[in-house]
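# Structure at a glance
One letter stands for each residue in the lines below.
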Amino acid sequence: QYCYTPHGVCSRQIHMDVEDGIVKKCSLSADATATKGIAALVEGMPVDEVVKRLEGIQCGSRPTSCPDQLAKALKKWQRNSNPFSSANRKKRDKV
């Protein structure tokens, strides 16, 4: 399970399970019913599709939103899980 701490939104934690590039489980810790709906909608979707649909959504006058933060979490997961990303190459090179 991957955990992400969002910034600038009501949700305090995002938890997700991703398997073979598909979001298997997702939960956003917030009291808003909308976050439960978002989680239910993205389960079973490819990570790239979720990012494409949710990235950049704003909440009122805020520059981000819970959906946008979920997209950021998934992009970070992609970077960390890709052995060819620059961050992981640096880690491998130190070993």
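Heads up: these notes are all about the structure in this document. (Residues numbered from 1 in each chain as written. Predicted model: local features only at pLDDT ≥ 70, side-chain atom pairs only at ≥ 80, totals over all residues. Heavy atoms only, no water.)

It is worth spelling out the pairing of strand S3 (residues 22-28) at this point. Both strand S2 (residues 14-19) and S3 contribute to a ladder of six bridges, which runs antiparallel. Each residue of the ladder has a partner; that of His15, found in S3, is Ser27. Where S2 folds back on S3, the antiparallel hairpin that results is connected by two residues, among which Asp20 adopts a positive phi of roughly 55°. (Pairing = 2+ DSSP bridges. Helix = DSSP H or I, 4+ residues; strand = E, 2+ residues; numbered from the N terminus.)

Another aspect to go through is the pattern of salt bridges. Within this structure, the stated rule accounts for four salt bridges. Lys72 is the partner of Asp68 in a salt bridge, and the nearest nitrogen-oxygen pair spans 3.7 Å. With Asp68 and Lys72 both in helix H3 (residues 66-81), this residue pair falls four residues apart, about one helical turn. Where salt bridges share partners, they join Glu49, Lys52 and Arg53 into one cluster. (Salt bridge = Lys/Arg side-chain N within 4 Å of Asp/Glu carboxyl O.)

The sheet built from three strands is open, its strands ordered S1-S2-S3 with antiparallel pairing. Edge positions in the open sheet fall to strand S1 (2-4) and S3, since each of these has one partner strand only. Taking the axes of each pair of neighbouring strands and ignoring which way they run, one obtains an average angle of 20° across the sheet. (Axes fitted to C-alpha atoms, helices over the stretch in contact; angles between N-to-C directions.)

The next subject is the nonpolar core. Counting residues in hydrophobic clusters, the biggest one holds 23 residues, and the most contacted among them are Met16, Val42, Val50, Leu70 and Leu74. At the level of secondary structure, the elements contributing two or more residues to this core comprise S1, S2, S3, helix H1 (33-42), helix H2 (47-54) and H3. For this core, the leading source of residues is H3, giving six residues. Not counting residues up to four positions away in its chain, the partners in contact with Val50 are Val23, Val42, Met45, Leu70 and Leu74. (Core = buried A, V, L, I, M, F, W, Y, C linked by side-chain atoms within 4.5 Å. Buried < 20%, exposed > 50% of the residue type's maximum accessible area, 1.4 Å probe, protein only. Contact = heavy atoms within 4.5 Å.)

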